[in-house]
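Take a look at the letters that make up each chain.
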Amino acid sequence: MVYLFGSILASIVTLCLAVLVGAVIRRLLDGVPGPLRSSVTGLVVLIVLAETAVPIADAAGLGSVDPARPEQVLVWLLLSGLVLAGAIVGALAVLVVVETLVPSGALPGPVTLVRESRARVRRLLRYVRLAWIASTSGLLRAARQGPESPQFARAVVETLSRSGATFIKIGQVLSTRADQLPRALAGELARLQKDVEPVDGATVQELLAEQWDRPPGSALRSIESEPLAAASLAQVHAGVLHDGTEVVVKVRRPGAAEDVRVDCDILRRFAARAQRRWAWARAMDIDALADGLSASLLEEIDYRHEADNTRMLRSLADEHRLLEVPQVVDELSGDAVLVMTRLRGVALVEGIDGLSRGRRTELAQSLITWALSSVLVDGAFHADLHPGNIMLLDDQRIGVLDLGAIGVLGAERRQLLAVLLFALLNDDDVAATNALTMVFAVESDVDRSALQADLGRLMTLHARGGEMRDSLLSDITSFLRTYRIGVPGDVAGAFRTLMSLWATVRALDSDAEFASLLREAIPPVLERLTSSGRVAGALAAEAMVSAAVLRRLPARAESISRQLAAGEFVVRTRSFTESADRSWAAAMIDRFGSAVLAAVLLSLAVVLFVVPVDVPPVAGSIGLDIVLGAISAVAGAVLALRHLIRVFTR
C-alpha cells in the first residue's frame, strides 16, 4: 500500500478517491448504504486493487505497455477499468449482504456512539437490574401461566414496587384502568405505595434556580423546605409570591425525565416480547397498552402540557360555581417546574364527615354534571379523575388537581356518545345499538341482531333496581372485544373518567344511585348539545356546503344533456390518474426490466466465458470474447445487486 499512503499527498488523494468510489456505489444502489459505510467500502476497494493489480496485469501479459503504441494503451485502460469495475461489483455484493443483515441506521455512527455511550451503558445496567427483579419476584414464572394464576397479581405488584419510581407510577396509573385489566390485578395495583422519600430542600432550590435562571428568592417571598407531597416523579412545595398570593410549586425530581425515557423504552420492549410469546398478552393487547402508558408518562414529565391543560379546564369550569381549578403562574412555569395558585382544603374523602346531607348531594350532582359537560359538550375532560385528585375546599366547594392528562373528543363523537349513554341509562337497546355502530368501528360481517340482543341483555343486568353495577365498564369492554369492535383511546378515556367518579359519589352520598344521578344530569347536557344556537350553526354550515354543490348542478346537467342529445356522452374509467399509482407502476416496470436484463447479461457472460470462440487476442492471452464477457458480467451483476437491494430495503 506504499502507492496509496506513501506520502501525505498520496494519502489525501486516496481518501478523496475512496469518497468518490463510495459515492458511485451509493448511486448504483439508489443511495441506500450510508455515506460512511460506502466510503469505507470505497477505501477497501482501492486497497484491494493496489494489492492485486500487478499480479493480474502479469497474468494477462500486460506487464509492460509501450506508450508509443496507442492500441496497447487503449487496451490497458479498458482492462484496468474492468478490474476496477469488478472490484466495485464485489464491494456492491458485500454491501448488499451487510445492508440486508444490518441496515444503515440500525447501528449508531461513531459520533452518536460516543455521545450516547453513557446513556447506553445506563440502559444496559437498567435492563440487567429489571431482569433480575422480574426473575426473583416470580414474574417470569407467573407470566407463563397468565393472569388467571393466583401468583400473577402479586408478582406484578412486587416487581413494580422494586423497580423504582417510574414503574410505581405505571402501576398507580394501571390501577385506575379496571376496564383493561383483570379485576384481581387492578385491586393489587391499588395497594402500591404512593409516597416516596422526598428530595432535600437545598436540591429543590438548585433546581428552581436552574429553571428560572435566577435565585428562587427573587421570584418567591418564601417556599417551604418540607414538601406538601412527594410522589415518584415530582414533589410539591407550598410558597408565597411577593404580592402575597399563596402558590404550590411542583418540581420534577432530578433525573426523573431520563429515568422515564429509559424505563418506557424497556417497557415497550418487554410488552412487544410478551405480545409475541403469550396468548393472554395478545388478548389484552398489552403492546398497545404499553405504548399508551409510555406516551402518557412522557407527556406528563413535561409540565408545559399540564399547564396548558390546567388553563383550558379552568376556563371550562368557570360556569360551575361549586368547582375550582388552580390558576397557572405563567412566568414561573416551564418544562420541569409548575407554579399554580394554592387551593386550601383536604382530600375529599377525609372531609366528608363535616358536610351536611344536602351539601353532599349537591356536590355529587355538581361533580357528575361537570364531568358530563366536559366530556359531551366541551370535548376536553380530566382523564385521571380518581378520588385522590379531588379536594374539599375550606369553603365546602370542590377543587380539582393534577391535570397532567386530559382527553379530547370531536363534536360528532361527543354527540354520538351522548346518545349512547342516554340509551344505556334508559334501557333502549335499539338506540344504543345504532349509536354504538356509529361511534365504534363495527365490522361489516358482524351479526347486528345478535349484537343488539347481547347488548340488551347486558343493559338489563346492569340496570337492576336503577342501580348501575361497578363492573359495567369492564363488561362493556369484554362485550366489544367479543364482537371485535375496536374502542378508540379517547372514547375509552371518556368512559373511564365517568366511571372513576363512582367511588367519589358513593363517598359523598352512600344512598345515591349513580345511574339515577346520571339520568338527572344528562337531559340538561343534551339540551345544550341540541340548543338552537348549535343546531342553527350546524344547519348553516351544511346549507352553505349544499348551496355550493347546487350552484354547480345546472351547468353540469346542461353539459350532460347536450352530450346526450349529440350522441357524444361517454363514460370513461382511467387507471393511474394518481401520481402515486403512476410511480408505483413505473417502479414495477423498472424492477421487472432490470431483473430480465440482468439475467440476460449474466447468461451472455457465462456463454462467452465457457464456450470457446476462435478470436485473436486483444492483449497478451486475453481474447475479445473474455473482454466482452467481463463487460457483460459487470453490467449484469450491477443490475442484479440493484434489484436485490430494492427488495430487501423497500
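Whatever comes next refers back to the structure up there.
Residues numbered from 1 in each chain as written. Predicted model: local features only at pLDDT ≥ 70, side-chain atom pairs only at ≥ 80, totals over all residues. Heavy atoms only, no water.

1. Brief notes about the overall build of the chain
Part 1 of the argument: When you go through the chain residue by residue, the secondary structure sums to 25 helices and 13 strands.
Part 2 of the argument: Relative to its full complement of 650 residues, the chain shows a buried share of 40%.
Part 3 of the argument: Across the chain, contacts joining residues at least 24 apart in sequence account for 68% of those joining residues at least 6 apart.
Part 4 of the argument: Entry remark: accessible area of the chain is about 34900 Å², with carbon and sulfur atoms responsible for 60%. (Helix = DSSP H or I, 4+ residues; strand = E, 2+ residues; numbered from the N terminus. Buried < 20%, exposed > 50% of the residue type's maximum accessible area, 1.4 Å probe, protein only. Contact = heavy atoms within 4.5 Å. Areas by Shrake-Rupley, 256 points an atom, 1.4 Å probe, with all protein chains shown as cover.)

2. Overview of the environment of D394
Part 1 of the argument: Of note, D394 is situated in the loop between strand 9 (390–393) and strand 10 (398–400).
Part 2 of the argument: Taking relative accessible area as the criterion, D394 reaches 60% and is therefore assigned exposed.
Part 3 of the argument: When the C-alpha positions of D394 and G351 are compared, they lie 9.5 Å apart, and in sequence the two are 43 residues distant.
Part 4 of the argument: Leaving out residues up to four positions away in the same chain, D394 has contacts with R344 and G345.

3. Considerations on the packing of helix 16 (residues 357–378) against helix 17 (residues 411–425)
Part 1 of the argument: Where helix 16 meets helix 17, the axes come as close as 8 Å, and the angle between the chain directions of the two elements is 130 degrees. Looking at the two axes, helix 16 sits oblique to helix 17. Here L372, V375, L376, V377 and D378 of helix 16 come into contact with helix 17, specifically with R414, L417, A418 and L421.
Part 2 of the argument: Taken together, the residues that form the contact of helix 16 with helix 17 break down as seven nonpolar, no polar and two charged. (Axes fitted to C-alpha atoms, helices over the stretch in contact; angles between N-to-C directions. Parallel < 35°, antiparallel > 145°, perpendicular 65-115°, else oblique. Nonpolar A, V, L, I, M, F, W, Y, C, P; charged D, E, K, R; others polar.)

4. Considerations on the pattern of salt bridges
Part 1 of the argument: Enumeration over the complete set of coordinates arrives at 18 salt bridges.
Part 2 of the argument: For D335, the salt bridge goes to R252, with nearest N and O atoms at 3.9 Å. Of the two residues, D335 is situated in the loop between strand 5 (323–324) and strand 6 (337–341) and R252 in strand 4 (residues 246–252); the sequence distance between them amounts to 83 residues.
Part 3 of the argument: Classification of D335 as partly exposed rests on a relative accessible area of 27%.
Part 4 of the argument: With relative accessibility at 16%, the residue R252 sits in the buried group. (Salt bridge = Lys/Arg side-chain N within 4 Å of Asp/Glu carboxyl O.)

5. What about the pairing of strand 6?
Part 1 of the argument: Across the five residues of strand 6, four count as buried, placing the element largely inside the fold.
Part 2 of the argument: When strand 4 meets strand 6, the two strands line up antiparallel, connected through five bridges. Each residue of the ladder has a partner; that of K250, found in strand 6, is L338. (Pairing = 2+ DSSP bridges.)

6. Quick word on the nonpolar core
Part 1 of the argument: Counting residues in hydrophobic clusters, the biggest one holds 63 residues, and the most contacted among them are L372, L417, L420 and L436.
Part 2 of the argument: Per-element tally for this core: the top contributor is helix 16, with 10 residues.
Part 3 of the argument: When neighbours within four sequence positions are excluded, L417 is seen to be in contact with L376, L409, V439, V491, A494 and F495. (Core = buried A, V, L, I, M, F, W, Y, C linked by side-chain atoms within 4.5 Å.)

7. As for a nonpolar patch on the surface
Part 1 of the argument: On the surface, V606, V607, F609, V610, V611 and I626 cluster together to form a nonpolar patch covering roughly 500 Å² of accessible area.
Part 2 of the argument: Note on placement: V610 falls in helix 24 (residues 579–610). (Patch = residues over 30% accessible without salt bridge, like charges linked within 9 Å, V, L, I, M, F, W, Y side chains within 5 Å.)

8. Structural notes on the side chain of K250
Part 1 of the argument: Relative to the assigned elements, K250 resides in strand 4.
Part 2 of the argument: With relative accessibility at 14%, the residue K250 sits in the buried group.
Part 3 of the argument: Within the structure, K250 has its side chain in polar contact with the side chain of E306 (distance 2.9 Å).
Part 4 of the argument: With residues near it in sequence (within four places) discarded, K250 still touches A234, Q235, V236, Y303, E306, A336, V337, L338 and D402. (Polar contact = N/O pair within 3.5 Å; in protein donor to acceptor, adjacent residues only side chain to side chain.)

9. Focus: the packing of aromatic side chains
Part 1 of the argument: On inspection of all chains with the given rule, the structure shows one aromatic pair.
Part 2 of the argument: Considering the side-chain rings of F479 and Y483, the 5.2 Å spacing of their centres and the 55 degrees angle between planes classify their relative orientation as tilted.
Part 3 of the argument: For F479, a relative accessible area of 8% corresponds to the buried category. (Phe/Tyr/Trp six-rings, centres within 6.5 Å; stacked < 30°, edge-to-face > 60°.)

10. Describing a positive patch on the surface
Part 1 of the argument: On the surface, R141, R144, R273, R276 and R277 cluster together into a patch of positive charge.
Part 2 of the argument: It is helix 11 (residues 256–277) that contributes the most residues to the positive patch, three residues altogether.
Part 3 of the argument: Along the chain, R277 turns up in helix 11.
Part 4 of the argument: Overall, R277 belongs to the exposed group, its relative accessible area being 52%. (Lys, Arg positive; Asp, Glu negative; His and termini not counted. Charge placed at Lys NZ, Arg CZ, Asp CG, Glu CD.)

11. Re the sheet that holds strand 10
Part 1 of the argument: Here we have four strands laid out as an open sheet, ordered 5-10-9-7, and mixed in their pairing. The open sheet has two free edges, formed respectively by strand 5 and strand 7 (345–347), since each of these has just one partner strand.

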